[in-house]
Amino acid sequence: MSRSLKKGPFVDPKLAKKLAALGSEDRTIVKTWARASTITPAMVGFTFAVHNGKDFLQVYVVENMVGHKLGE
């Protein structure tokens, strides 16, 4: 079941804060454990190190990924 449109997509507050601090020009790898966060258009072009329970996997976000989760 999808999330209510009134609530909007779920993005972990810590992750959103990290992205806001980086800006659009910085291309450092963002380390996160928030696999349930939805990929938004603001995340396109960033590289995330997503924890899968054992390792951090690097995920480069492209335009086709918007609307999906980081853990997919």
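For the structure itself, look to the data block above.
Residues numbered from 1 in each chain as written. Predicted model: local features only at pLDDT ≥ 70, side-chain atom pairs only at ≥ 80, totals over all residues. Heavy atoms only, no water.

### A closer look at the environment of Ala 36
Along the chain, Ala 36 turns up in the loop between strand 1 (29-32) and strand 2 (47-51). Residue classification places Ala 36 among the partly exposed residues on the basis of a relative accessible area of 48%. Separated by 25 residues in the primary sequence, Ala 36 and Val 61 place their C-alpha atoms 15 Å from one another. Beyond its immediate sequence surroundings of up to four residues, Ala 36 is in contact with Phe 10 and Lys 69. (Helix = DSSP H or I, 4+ residues; strand = E, 2+ residues; numbered from the N terminus. Buried < 20%, exposed > 50% of the residue type's maximum accessible area, 1.4 Å probe, protein only. Contact = heavy atoms within 4.5 Å.)

### Quick notes on the nonpolar core
Counting 10 residues, the largest nonpolar core is built from Leu 15, Leu 19, Val 30, Ile 39, Met 43, Phe 46, Phe 48, Val 50, Val 61 and Leu 70. Elements with a minimum of two residues in this core: helix 1 (13-22) and strand 2. (Core = buried A, V, L, I, M, F, W, Y, C linked by side-chain atoms within 4.5 Å.)

### With respect to the pairing of strand 3 (residues 56-60)
Pairing analysis gives five bridges linking strand 2 to strand 3, with the strands arranged antiparallel. By the bridge assignment, Val 50 is partnered in strand 3 with Leu 57. Hairpin connection between strand 2 and strand 3: a loop of four residues separates the two successive antiparallel strands, and Gly 53 in this loop has a positive phi of roughly 110 degrees. (Pairing = 2+ DSSP bridges.)

### A look at the environment of Ser 2
For Ser 2, the location among the structural elements is in the segment before helix 1. Residues Ser 2 and Ala 36, 34 residues apart in the sequence, show an inter-C-alpha distance of 13 Å.

### Structural notes on the packing of aromatic side chains
Taken as a whole, this structure holds one aromatic pair when the rule is applied. Taking the centre distance of 5.1 Å and the plane angle of 80 degrees together, the rings of Trp 33 and Phe 56 count as edge-to-face. Here Phe 56 lies in strand 3 and Trp 33 lies in the loop between strand 1 and strand 2, a separation of 23 residues in the sequence. If you follow Arg 27 out to its NZ or CZ, it ends over the ring of Phe 46, 5.4 Å from the centre. (Phe/Tyr/Trp six-rings, centres within 6.5 Å; stacked < 30°, edge-to-face > 60°. Lys NZ or Arg CZ within 6 Å of the ring centre and 35° of its normal.)

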